[in-house]
Amino acid sequence: MLYAEMSQQVMSENLLERFTREYIQSQTMPQVLFTWHGGEPLMRPLAFYRKAIELQRKYGKGRIIDNCIQTNGTLLTDDWCRFFKENNWLVGISIDGPQEFHDAYRRNRHGLPSFAQVMKGIELLEKHGVEWNAMAVVNRLNVEHPLEFYRFFQNIDCRYIQFTPIVERIVLKSGKECLAHVGDKESWQMTDASITSEQWGEFLCTLFDEWVQKDVGYRFIQLFDATLANWVGEEPGVCSMARSCGKAAVMEFNGDVYTCDHFVFPEYRLGNIYRHSLVEMLYGDKQRQFGVDKWRSLPVKCRQCKYLFACNGECPKNRFYTTSEGEEGLNYLCKGYYRFFEHVAPYMEYMKRELLAERAPSNIMNAIKENKL
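Read on for an overview of the structure. The structure presented is a predicted model; accordingly, all values stated were derived computationally and were not measured.

Turning our eyes to something else, we now look at empty space enclosed by the protein. Counted by the stated rule, this structure contains one cavity of 30 Å³ or more. In this structure, the largest cavity encloses a volume near 80 Å³. Together, 13 residues line the largest cavity, and Cys 239, Cys 245, Cys 260, Cys 315 and Pro 316 are the ones closest to its centre. For the lining of the largest cavity, the per-class residue count stands at eight nonpolar, four polar and one charged.

This is how it looks when you write it as structure tokens:
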């Protein structure tokens, strides 16, 4: 709705070059990561991404440049997969578990199911040896079937999995239903696909029990890895579990830059790349404030919580609840996360000890078999 008046919502080659040059120049590390997202990024022709590679080499000047792309997988072909393999791209596939769960919400514009096409896309990635991972959305349907959901990924031998809970609110603005952001104070309701905090806690605990007995060190679940990192005192690999945020800015097709891909709303617009440099926007006061506000805006209940170190209040986009004391800023998923952390605490402590002793955390699987936990 932000760009309803613009019919052609695709990035021009001129903008692609400007962005590539500025993005590389704005990096302070020798390794640069480009993340391609959508909509559906494979709707652009392969020539667009060949041009992107050409520009990265032009402006990279010897830097190590990596690319990852998030796709629903339905448009993958041999040509796409050869390109990804030749250029060492990581491909994220959006797939929400077995067919009945996936097809419930992921249908094409004609209302037809997409699971078979996605699985065909995964087969092509495997055929060409392309590195891929799964990005699975946890919705009101599959959240009730954590074991069936997880065993599907075991059966297709997916080793890297991110799962993201649907937490979406709808508000009424000027007579129109709109997606709400954390600052919206209007009367709201959760979308039909959204899960509850209690469901999230049950889902995480059940899935963790399966993983910790069989798959530690082989199958990597982003949230479990991030939890262990926080337990050990290391920086987690996902911003939602970190103390501060602000490193997941997004640029739209017209050059508009927003603080985060969960905050593409007018209030969180940093500027436009044609009028402000990426350095100005990404390292400016507004973005810096957005990052530190994650910690500063925590309610007292969170600051006093024994598991604050493990979640850091999770993602600010989900902090629209009020505490029992009437303080704003409580995470909608708080109860679920608290239950999860209580459940996994002894396992995390064991794996922490193993890591600190320079032993493999996967030793926990033998400890469980030997009833040492």
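Next comes the rest of the write-up.
On to the pattern of salt bridges, then. Pairs can form between side chains of opposite charge once their charged atoms are near each other. Counted according to the given criterion, the structure contains 18 salt bridges. The partner of Asp 79 in a salt bridge is Arg 82, and the shortest N-O contact between them spans 2.5 Å. Here Asp 79 pairs with Arg 82, and both are found in helix H3 (residues 78–86), just three residues apart, close to one helical turn. Judged by its relative accessible area of 37%, Arg 82 is partly exposed. Through salt bridges with shared partners, one network takes in Arg 151, Glu 210 and Lys 214.

Tracing the backbone shows Phe 163 in strand S5 (residues 160–165). The sequence separation of Phe 163 and Leu 278 amounts to 115 residues, and the corresponding C-alpha distance is 30 Å. Discounting chain neighbours no more than four positions away, the residues touching Phe 163 are Ala 136, Val 138, Phe 149, Trp 200, Phe 203, Leu 204, Leu 207, Ile 221, Leu 223 and Phe 224.

Now for helix H1 (residues 13–26). In this model H1 runs 20 Å from its N-terminal to its C-terminal C-alpha over 14 residues, within 8% of the 20 Å that 1.5 Å per residue would give. For H1, the set of buried residues is Leu 15, Leu 16, Phe 19, Thr 20, Glu 22, Tyr 23, Ile 24 and Ser 26.

Quick look at the state of the cysteines now. Evaluated as defined, the whole model comprises zero disulfides. With no disulfide of its own, Cys 302 lies closest to Cys 334 among cysteine sulfurs, the gap being 5.7 Å. In this structure Cys 305 is a free cysteine whose sulfur lies 6.4 Å from that of Cys 334, the closest cysteine sulfur available. Taking relative accessible area as the criterion, Cys 305 reaches 25% and is therefore assigned partly exposed.

On to the pairing of strand S7 (residues 176–179). Bridge count between strand S6 (residues 169–173) and S7: four bridges; the pairing is antiparallel. For Ile 170, the partnering residue across the bridge sits in S7 and is Leu 179. Hairpin geometry of S6 and S7 is characterised by an intervening segment of two residues between the two adjacent antiparallel strands and by a positive phi of about 50° at Ser 174.

What follows is about the layout of surface pockets. Any empty space left between the atoms is revealed when a probe the size of a water molecule rolls over them. Its volume calculated, the second largest pocket comes out at about 430 Å³. Taken together, 20 residues form the lining of the second largest pocket, with Lys 301, Leu 330, Asn 331, Cys 334 and Lys 335 sitting closest to its centre. Put simply, the parts of the chain that give the lining of the second largest pocket at least two residues each are helix H7 (197–214), helix H11 (300–303), helix H12 (308–311), strand S13 (321–322) and helix H13 (334–356). Looking at the lining of the second largest pocket, the element that brings in the most residues is H13, giving five residues.

Moving on, we get to the packing of aromatic side chains. By the definition in use, this model includes 47 aromatic pairs. Here the aromatic rings of Phe 163 and Phe 224 are separated by 6.0 Å at their centres, their planes lie at 75°, and the arrangement is edge-to-face. With Phe 163 in strand S5 and Phe 224 in helix H8 (residues 222–232), the pair connects residues that are 61 residues apart, well separated along the chain. Each member of the pair, Phe 163 as well as Phe 224, carries the same accessibility label: buried. Ring geometry for Phe 263 and Phe 290: centres 5.1 Å apart, planes at 80°, overall edge-to-face. Here the residue Phe 263 occupies a position in the loop between strand S11 (256–258) and strand S12 (269–272), and Phe 290 occupies one in helix H10 (residues 285–296), the gap between them amounting to 27 residues. Each member of the pair, Phe 263 together with Phe 290, is buried. One Lys or Arg, Arg 21, reaches over the ring of Tyr 59 and ends 6.0 Å from the middle of that ring.

Here the focus is the packing of H1 against helix H2 (residues 46–60). Relative orientation of the contacting elements H1 and H2 amounts to 35°, with a least axis distance of 9 Å. Crossing of H1 over H2 shows right-handed handedness. Mapping the contact onto sequence places Glu 13, Leu 16, Glu 17, Thr 20, Arg 21 and Ile 24 in H1 and Phe 48, Lys 51, Ala 52, Leu 55, Gln 56, Lys 58, Tyr 59 and Gly 60 in H2. Residue composition of the contact of H1 with H2, by class: six nonpolar, three polar and five charged.

Conventions used here
- Along each chain, residue indices are assigned from 1 in the same order as the chain's sequence is written.
- Residue-level local features of this predicted model are given only where pLDDT is at least 70; pairs of side-chain atoms are given and counted only at 80 or more, and the full residue set underlies all totals for whole chains, interfaces and linings.
- Only hydrogens and water are removed before side-chain values are computed, so all heavy atoms of the structure are retained for them.
- Here the term cavity refers to a set of points on a 1 Å grid, laid over the protein atoms alone, in which a 1.4 Å probe fits but cannot get out; the term pocket refers to an open set having protein on both sides within 12 Å along at least five of seven lines, with lining residues being those that place an atom within 4 Å of a point.
- Grid points are joined across faces, edges and corners, and a volume is the space filled by probe spheres set on the points.
- Side-chain classes follow a simple rule in which Ala, Val, Leu, Ile, Met, Phe, Trp, Tyr, Cys and Pro form the nonpolar group, Asp, Glu, Lys and Arg form the charged group, and the remainder, Gly included, forms the polar group.
- One side-chain nitrogen of Lys or Arg within 4 Å of one carboxyl oxygen of Asp or Glu is enough to make a salt bridge.
- Helix numbers and strand numbers start at the N terminus; a helix is a DSSP run of H or I with at least 4 residues, a strand a run of E with at least 2.
- Think of it in three bands: residues with accessible area under 20% of the maximum for their type are buried, residues over 50% are exposed, and the middle band is partly exposed, with areas taken using a 1.4 Å probe on protein chains only.
- Contact definition: two residues touch when any of their heavy atoms are within 4.5 Å.
- Here the expected span of a helix is defined as 1.5 Å times the quantity of residues minus one.
- The criterion for a disulfide is a pair of cysteine sulfur atoms lying within 2.5 Å.
- Two strands are said to pair when DSSP picks up at least two bridges between them.
- What counts as a ring pair is set by centres within 6.5 Å for rings of Phe, Tyr and Trp (its six-membered ring), and what kind of pair is set by the plane angle: stacked under 30 degrees, edge-to-face over 60, tilted for all other angles.
- For a lysine, the NZ atom is tested; for an arginine, the CZ atom; a charge sits over a ring if that atom is within 6 Å of the ring centre and within 35 degrees of the ring normal.
- Only C-alpha atoms enter the line fits that serve as axes; for helices the fit covers just the stretch in contact. Angles between N-to-C directions range over 0 to 180 degrees.
- Crossing handedness follows the turn of the near helix against the far one: under a right angle anticlockwise gives a left-handed crossing, and clockwise gives a right-handed one.

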